[in-house]
Amino acid sequence: MIEEYRGVWVFIEQNDGEIEGVSLELLGAGRKLADKLEVALAGVLLGDNVKSLCPEVIAYGADEVYVVDHPVMKDYRTESYMKGIMLLAEKYKPEIFLYGATPNGKDLASAVATDLSTGLTADTTMLDVDLEKRLLEASRPAFGGNIMATILCKKHRPQMATVRPKVMKALERDMNRTGKIIEEEIDLKEEDMRTKVLKIVKDITKKASLADAHVVVAGGKGMGDLQGFQLIHELADTIGASVGGTRDVVEAGWLPHELQVGQTGETITPKIYFAIGISGAIQHVVGMKNSEFIIAINKDPNAPIFDVATYGIVGDAMEIVPKLIEQFKVLRK
Ligand code: FAD
């Protein structure tokens, strides 16, 4: 019975005892949904020795934290984590269950959705609820980003979605918030696991630096060619920023894919985002529109990038960027 399902849950992804940023962002988004539906917001925390993270989950908005703590769950594995989630979801029956669209979050959510025979909206960028029908409205770009599709799961529960990192906003951390911690025992044996974690190799590519950068200088096809694109690198070096680009730039071989911003690249929220020679196609804009300040330079005054820009400069990037570099160098001295 669908009516038996109540409450909004967020999967709290932790790695080495550190909560992933997207889980905190989802607590912020989940809080709004739970308040609208007048139900509790719960964080779901799995791992080994993770109970100490519960106050943090509550500080970021949860009313309750479900914890399954077991040595077999030290490192993420689909099998053990799925067992933990199934145990909780079948017992407590949440109506909405959100996961970060990280590699582990996507893996877990799809496995859980299959076992619970429910629906899952992947890579969501907007969340709301239809209060009357208690339906989660999970929206995401579809048909190559030309439309936003709002996906409903009318007949099954929980309604599940994975949500892109850096799209939702976390609440301010408030250690005065109080909440309930619910611990569940699980019967897991290492010898029953079909996969073993032999070694974890940390990704130390540049990708992390783009995602974490406070200032990003991004260039598009308007930079003309690979040589023209060097101005983007030069400006970034001058102001200590990271470089990003559009898909067209990546396809042209001017940048590696890990520096692509947008729907099929990174979603980033730097303090300052320079969009230079970038038209502002929706597939690019979804990856940078939440930046605090967007400074666009484009020779076409009607370029869509100006619709999301905080400041816009209409003109030739080949003339403007060298002047900016010169001025920033003067200021730096
Ligand atoms: P253009 O659209 O060609 O724009 C170049 C701009 O530069 C123009 O606005 C022009 O006025 C301006 N310009 C030209 N010369 C100058 C000059 N001298 N000075 C100043 N301005 C100048 N794109 C992404 O970026 N990220 C994605 O993740 C992504 N995913 C996609 C997924 C799908 C399924 C599809 C179908 C497309 C995707 N795209 C993505 C591609 C996207 O639709 C656009 O084609 C792309 O973003 C355009 O890149 P651009 O702005 O560099 O080039």
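Treat the numbers as computed from the prediction; the structure is a model and nothing was measured.

A. Local environment of the packing of helix H6 (residues 226–239) against helix H10 (residues 317–332). Packing of H6 against H10 leaves a shortest axis separation of 10 Å and a crossing angle of 20°. Taken together, the axis directions place H6 and H10 in an arrangement best described as roughly parallel. Handedness of the crossing formed by H6 with H10: left-handed. For the pair formed by H6 and H10, the contact residues are Gly228, Leu231, Glu234, Leu235, Asp237, Thr238 and Ile239 on the first element and Met318, Val321, Pro322, Leu324, Ile325, Phe328, Lys329 and Arg332 on the second.

B. Spatial organisation of helix H1 (residues 21–37). Here H1 is 17 residues long and its end C-alpha atoms lie 25 Å apart, about the 24 Å a rise of 1.5 Å per residue gives. Burial runs high along H1: 13 of the 17 residues are buried. Note on H1: the residue one or two positions beyond its end, glutamate 38, has a positive phi of about 60°.

C. Just H10, in detail. Taking 1.5 Å per residue, 16 residues should reach 22 Å; H10 reaches 22 Å between its end C-alpha atoms and fits that length. By the burial criterion, the buried members of H10 are Ala317, Ile320, Val321 and Ile325. For H10, the arc enclosing every buried residue in end-on projection is 135°, short of the 170-degree limit, so these residues lie on one face. Those residues of H10 that are exposed and angled more than 90 degrees off the buried face are Glu319, Lys323, Glu326 and Val330. Of the surrounding secondary structure, the elements contacted by the buried residues of H10 are H6, strand S15 (272–276), strand S16 (293–298) and strand S17 (311–314). Of the residues flanking the start of H10, the one acting as N-cap is aspartate 316, its side-chain oxygen 2.9 Å from the backbone nitrogen of methionine 318.

D. The arrangement of the domain arrangement of the protein in detail. Domain annotation of the protein identifies domain 1 (1–190) and domain 2 (213–332). Computed over C-alpha atoms, the centres of domain 1 and domain 2 are 34 Å apart. Opposite the eight residues of domain 1 that make contact, domain 2 presents 10 residues. The tally of links from domain 1 across to domain 2 stands at zero salt bridges. Where domain 1 packs against domain 2, one counts three residue pairs in polar contact (both at pLDDT 80 or more). The residue makeup of the side of domain 1 that touches domain 2, split by class, is three nonpolar, three polar and two charged.

E. Looking closely at the side chain of arginine 164. Along the chain, the position of arginine 164 falls in the loop between strand S11 (159–163) and strand S12 (180–183). Apart from the residues within four sequence positions on either side, arginine 164 is in contact with Val22, Glu25, Ala101, Asp123, Thr124, Thr125, Gly262, Gln263, Thr264, Gly265 and Thr267.

F. Highlighting the site of the ligand. Around the ligand, the surrounding shell holds 25 residues, and the nearest of these are Lys221, Thr246, Thr264, Ser279 and Asn298. Here a nitrogen atom of the ligand sits 2.7 Å away from a polar atom, N or O, in the side chain of threonine 264. At 2.8 Å from an oxygen atom of the ligand is found a side-chain nitrogen or oxygen belonging to glutamine 283. Relative to its free-state accessible area of 990 Å², the ligand is covered by the protein chains to the extent of 78%. Among the secondary structure elements, those contributing two or more residues to the shell around the ligand are helix H7 (247–251) and helix H8 (282–285). Taken together, the residues of the shell around the ligand break down into four nonpolar, 15 polar and six charged.

G. Fine view of the packing of helix H3 (residues 78–92) against helix H4 (residues 103–116). Closest axis-to-axis distance for the H3/H4 pair is 10 Å, and the angle between their directions is 50°. Of the possible angle classes, the one that applies to H3 and H4 is oblique. In terms of crossing hand, the pair formed by H3 and H4 is right-handed. Residues Thr78, Tyr81, Met82, Ile85, Met86, Ala89 and Glu90 of H3 form the contact with H4, whose own contacting residues are Asp107, Leu108, Ala111, Val112, Asp115 and Leu116.

H. Seen up close, the sheet that holds strand S10 (residues 147–151). A sheet is described by the order of its strands in space; here three strands give the open sequence S8-S9-S10, paired in antiparallel fashion. Here the strands that pair on one side only, and so sit at the sheet edges, are strand S8 (126–130) and S10. For this sheet, the mean angle separating the axes of adjacent strands, direction not counted, is 30°. Here five bridges tie S8 to strand S9 (residues 135–142), and the two strands are oriented antiparallel to one another. Note on S9: the bridge partner recorded for aspartate 128 is glutamate 137.

Conventions we followed
Residues numbered from 1 in each chain as written. Predicted model: local features only at pLDDT ≥ 70, side-chain atom pairs only at ≥ 80, totals over all residues. Heavy atoms only, no water. Axes fitted to C-alpha atoms, helices over the stretch in contact; angles between N-to-C directions. Helix = DSSP H or I, 4+ residues; strand = E, 2+ residues; numbered from the N terminus. Parallel < 35°, antiparallel > 145°, perpendicular 65-115°, else oblique. Left-handed = near helix turned anticlockwise from the far one by under 90°. Contact = heavy atoms within 4.5 Å. Expected span 1.5 Å × (residues − 1). Buried < 20%, exposed > 50% of the residue type's maximum accessible area, 1.4 Å probe, protein only. Arc of directions from axis to C-beta. Polar contact = N/O pair within 3.5 Å; in protein donor to acceptor, adjacent residues only side chain to side chain. Domains from an automatic or database assignment. Salt bridge = Lys/Arg side-chain N within 4 Å of Asp/Glu carboxyl O. Nonpolar A, V, L, I, M, F, W, Y, C, P; charged D, E, K, R; others polar. Near = heavy atom within 4 Å. Areas by Shrake-Rupley, 256 points an atom, 1.4 Å probe, with all protein chains shown as cover. Pairing = 2+ DSSP bridges.

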